[in-house]
Amino acid sequence: MLFSERYADLIGTESGQMVDNICGELDYNLKVRLSDVMHDFAEPQKIYPDRYSSYDITTTALEMAVDNFNEIKGVPYISLKHNVFDGPMYDPLANAFTPFLFDVIELQYQKLSSGEKVDFQAEINTAFTQYNAPWLLCEGRMVKIDATQFELDLRQKTLEIMGELKGSDLKFQAAYEELLQACESFEKDDFAVAISNAGKSYESVLKVICNCQKGNADRLTRAYVEMKGGILPASMAPEGFREKVMMALPFVRNNSSSDHGAGATPARISRPLAKLAINLAAALNTYLIEEYKIELVSHSEEYDPNTPSDEEQLPF
């Protein structure tokens, strides 16, 4: 599904003009920079219109993305060919309606080879960072993050490390998708769903690490401190860490009516509270996964097949 389709309820028309209530005002120079990156990664491609013939057409990943976009929309909104009336300096991508530009970025990512995808995503995200824009291309999907640099860095880091683990261990797929959904729901002002998905993502990570198929946050955090309590400083009581730190997000979720029904008087969930829940999920997931990765490394070193056993080691 295209970016503009996922956020269709925030994109419309007024007086015949396209209206964008999701992307915000992006610096035109940023859009030019994004266009430059897209042209830099116009990876050559060959397509074979007839499966029974060797006849091929040489094109690029960018051209294929634009053609695919126009085909899906049914209207040629974007053309890479210069119109004589536009002038030589006119940039059709930089001047495109921003949600449509994001559509093409996502489509181009899909068309690239695996190695190019990594570098393309890195360059796109570098451009967003340089212009302090609240956007991130994550696994080929545009995700809006809070413009505050600290929060942007926190969520970006979390999504990146979860994406890395998701690629090698499908058990983290659900947690990754739930955190993405929390961010998207937040941008749609659906704060209850955002808090719910933030909590689900956290519980999904706990389930993977604790090797539990079921269980609520209380049970999962108890299982975690029983397994991992030894990694805490001696001065920090595992149960205190569980209650004061690990149960912070479940407390927000359970007491905001986001998961357990609103009752007779629906709770009013503010934007800052929903943002807090997502940031808590990002921080807690990052902590859990980084500890998990440390343990994986230590086990791999402990059981390194190249390390001689005690019997094989020389006595001197």
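Residues numbered from 1 in each chain as written. Predicted model: local features only at pLDDT ≥ 70, side-chain atom pairs only at ≥ 80, totals over all residues. Heavy atoms only, no water.

Novice: So, the nonpolar core: which residues are in play, and what are the values?
Specialist: Ranked by size, the top nonpolar core spans 44 residues in total, and within it L159, V205, M246 and L288 carry the most contacts. Contributions of two or more residues to this core are made by β5 (135–138), α6 (149–168), α7 (173–187), α8 (191–210), α9 (217–228), α10 (238–246), α11 (248–254) and α12 (271–302). Considering each element in turn, this core owes the most residues, 10 residues, to α8. Among all residues touching M246, those that are not within four sequence positions of it are Y202, L206, T221, Y224, V225, F241, L284 and L288. (Core = buried A, V, L, I, M, F, W, Y, C linked by side-chain atoms within 4.5 Å. Buried < 20%, exposed > 50% of the residue type's maximum accessible area, 1.4 Å probe, protein only. Helix = DSSP H or I, 4+ residues; strand = E, 2+ residues; numbered from the N terminus. Contact = heavy atoms within 4.5 Å.)

Novice: Give me the lowdown on the packing of aromatic side chains, citing residues and values where you can.
Specialist: For the structure shown, the criterion picks out 13 aromatic pairs. Ring centres of F41 and F120 lie 5.6 Å apart, and the angle between their planes is 70°; on these two criteria the pair is classed as edge-to-face. Here the residue F41 occupies a position in the loop between α2 (28–40) and β3 (44–47), and F120 occupies one in helix α5 (residues 114–130), the gap between them amounting to 79 residues. In this structure F41 comes out as buried when scored by relative accessible area, which is 12%. We classify F120 as buried; its relative accessible area is 0%. Site record: aromatic cluster; members linked through ring pairs are F3, Y7, F102, F128 and W135. Residue placement shows K188 over the ring face of Y7; its charged tip is 5.4 Å from the ring centre. (Phe/Tyr/Trp six-rings, centres within 6.5 Å; stacked < 30°, edge-to-face > 60°. Lys NZ or Arg CZ within 6 Å of the ring centre and 35° of its normal.)

Novice: Help me get a handle on the pairing of β5, residues and values and all.
Specialist: The two faces of β5 match: W135 and L137 on one face and L136 and C138 on the other face are all buried. Across four bridges, β5 lies against strand β6 (residues 141–144) in antiparallel orientation. Bridge pairing in β6 links C138 to R141. The loop that links β5 with its antiparallel partner β6 comprises two residues; one of these, E139, has a positive phi angle of about 55°. (Pairing = 2+ DSSP bridges.)

Novice: Describe α10, with residues and values.
Specialist: Of the positions making up α10, those classed as buried are F241, R242 and M246. Down the axis, α10 shows its buried residues gathered within 100° of arc, on one side only. (Arc of directions from axis to C-beta.)

What is shown is where atoms sit, not what they do.
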